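A look at the structure
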Amino acid sequence: MAVNALQDLGPVRAAALVGVVLAGGEGRRMGPGAPKPLRRLAGKPMLAHVVERLAPQVMDLVVVANDPAPELRTLNVSVIPDPPEVRRLARQEGRPLGPLAGILAGMEWSREHHPHVGWILSAPADVPLLPLDLTVRLCGHMHVPEPEVLMVRHGRRREHALGVWSVTLVADLRRAVLKEGIRRAEDFARRHDFAELAWPDDDRSFLNVNTPEDLRLAERQVALDRQRRARSRSRR
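Throughout, a residue's number is its position along its own chain's written sequence, starting from 1. Where totals are concerned, whole chains, interfaces and linings use all residues; where local detail is concerned, this predicted model gives features only for residues with pLDDT of at least 70, and gives and counts side-chain atom pairs only at 80 or more. Working from all heavy atoms in the structure, the side-chain values ignore hydrogens and water.

1. Looking at the overall build of the protein chain
For the record, the criterion: Helix and strand definitions follow DSSP, with helices as H or I runs of at least four residues and strands as E runs of at least two, each counted in order from the N terminus. Each residue is placed in one exposure class: buried if its accessible area under a 1.4 Å probe, protein chains only, is under 20% of its type's maximum, exposed if it is over 50%, and partly exposed if it falls in between. Any two residues whose heavy atoms approach within 4.5 Å at even a single point are treated as in contact. Methods summary: accessible areas were calculated by the Shrake-Rupley approach with a probe of 1.4 Å, and residue burial reflects only the protein chains presented.
Scanning the protein chain from N- to C-terminus turns up 8 helices and 9 strands. Per-residue burial over the protein chain gives 50% buried out of 236 residues. A fraction of 72% describes how many contacts in the protein chain between residues 6 or more apart in sequence connect residues 24 or more apart. Surface accessibility of the protein chain: about 11600 Å² in total, with carbon and sulfur atoms responsible for 51%.

2. Concerning the side chain of H154
Rule in force here: Between N or O atoms, a polar contact is any pair within 3.5 Å; within protein, one atom must be a potential hydrogen donor and the other a potential acceptor, and residues adjacent in sequence are included only when both atoms are from side chains.
Turning to its location among the elements, H154 is positioned in strand β7 (residues 149-154). Within the structure, H154 has its side chain in polar contact with the side chain of E159 (distance 2.9 Å). In this structure, H154 is in contact with E159, W199, D203 and F206, ignoring residues within four places of it in sequence.

3. A short note on the confidence of the model for the protein chain
The following threshold applies: Confidence scores here are pLDDT values: one per residue, from the predictor, ranging 0 to 100.
Residues with a pLDDT of 70 or more make up 90% of the protein chain, whose mean pLDDT is 87. Segment residues 1-9 is flagged for pLDDT under 50; beyond a separation of four residues in sequence, or across chains, it makes 18 contacts in the model.

4. Thoughts on the environment of R39
Within the fold, R39 resides in the loop between β1 (18-22) and β2 (40-41). Spatially, the C-alpha atoms of R39 and L215 are 8.6 Å apart, while their sequence positions differ by 176 residues. Each residue touching R39, except ones within four places of it in the same chain, is listed here: M30, G31, P32, G33, A34, K44, P45, M46 and L215. A distance of 2.6 Å separates a polar atom in the side chain of R39 from the backbone oxygen of A34.

5. Concerning unusual backbone geometry
Non-glycine residue A42 carries a positive phi angle of around 55 degrees. Along the polypeptide, A42 turns up in the loop between β2 and β3 (44-45).

6. With respect to the packing of aromatic side chains
Put simply, the rule is: Working definition: rings of Phe, Tyr and Trp (its six-membered ring) pair if their centres are within 6.5 Å, and the pair is stacked with planes under 30 degrees apart, edge-to-face with planes over 60 apart, and tilted otherwise. Here, over-ring charges are defined by two tests on the NZ atom of lysine or the CZ atom of arginine: distance to the ring centre within 6 Å, and angle to the ring normal within 35 degrees.
With the rule as written, the count across this model stands at 2 aromatic pairs. Considering the side-chain rings of W165 and F188, the 6.4 Å spacing of their centres and the 25 degrees angle between planes classify their relative orientation as stacked. In this pair, W165 sits in strand β8 (residues 157-166) while F188 sits in helix α7 (residues 185-189), placing the two residues 23 residues apart along the sequence. Taken as a pair, W165 and F188 share a single burial class, namely buried. Above the plane of the ring of W199 lies R137, whose end atom (NZ or CZ) is 4.6 Å from the centre.

7. Overview of the sheet that holds strand β5 (residues 78-80)
Stated formally: Each pair of strands is called paired provided DSSP finds at least two bridges between the two strands. To obtain each axis, a line is fitted to C-alpha atoms, and for helices this fit is confined to the stretch in contact; angles are then taken between N-to-C directions over 0 to 180 degrees.
The strand order β5-β4-β1-β6-β8-β7-β9 describes an open sheet built from 7 strands, whose pairing is mixed. Two strands in the sheet have a free side with no partner beyond their single neighbour: β5 and β9 (194-198). Mean inter-strand twist for the sheet, computed between neighbouring axes without regard to direction, equals 25 degrees. Alignment of β1 against strand β4 (residues 60-64), held across 5 bridges, turns out to be parallel. Residue pairing in the sheet places V20 in a bridge with V62 of β4. On top of the sheet, helix α4 (residues 99-113) reaches β1, β4, β5, β6 (119-124) and β8; it is set at about 150 degrees to β1, its chief contact.

8. Some words on the environment of P35
Turning to its location among the elements, P35 is positioned in the loop between β1 and β2. Given a relative accessible area of 36%, P35 falls into the partly exposed group. Taking the C-alpha atoms as reference points, P35 and D67, 32 residues apart in sequence, are found 8.8 Å from one another.

9. With respect to the nonpolar core
What counts, and what does not: What is meant by a nonpolar core is a set of buried Ala, Val, Leu, Ile, Met, Phe, Trp, Tyr and Cys residues, joined one to another through side-chain atoms within 4.5 Å.
If you look at the biggest cluster of nonpolar residues, it comprises 34 residues, and the most contacted ones within it are L100, I103, M107, I120, W165, L173 and F188. Among the elements of the structure, β1, β4, α3 (84-93), α4, β7, β8, α6 (170-178) and α7 are those that each provide at least two residues to this core. Sort the elements by how many residues they give to this core and α4 lands first, with 7 residues. With near-sequence residues (within four places) excluded, L173 lies in contact with L100, I103, L104, M107 and F188.

In structure tokens:
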């Protein structure tokens, strides 16, 4: 089936994955205003787009956010902060500890709530156009023996915060974040059996919204996607 046709049919779930949306990041390049995940995109918070696109593709989903904004309650998903030790260390260092802190929070939440699930899928909150067949593609790339970490590459860019992580790494990740000072997701991933999926199609689905211009681009793409879906429905 063609990719556009699959996207028109809606999200597809491929396997038992727990989704973890990382809603951290300071978003300084966005300028003054709401936190970046809560910036309005096509009438709702950008984070809501990520949740709506990812939730149907996974068996459960949690948002990791240290800012208890009231808008988060409207998402109808679990919202958790980073682990207490991570927040204490972040205060000591005077800065957030990066995506690995949220991935750790997601792993620990998954192990508590879904102890039989072996994998989480992490996604940043500033990629609101995620493919609706993301898990299909990722799980199709998990060959035997399976890698412990699988990231997405599109063009020359690797999405370090977007990937599949084995929850068996939780103890090593906790040690790396709290004891060893590891902050970059790729640095941790390369300590383990690591692979990447080269995304074969247009990389607009992985638009990172970091600036007001990026947000305007995302607005235009959302409008185009809605028009395309409407035309597809009218032909059925």
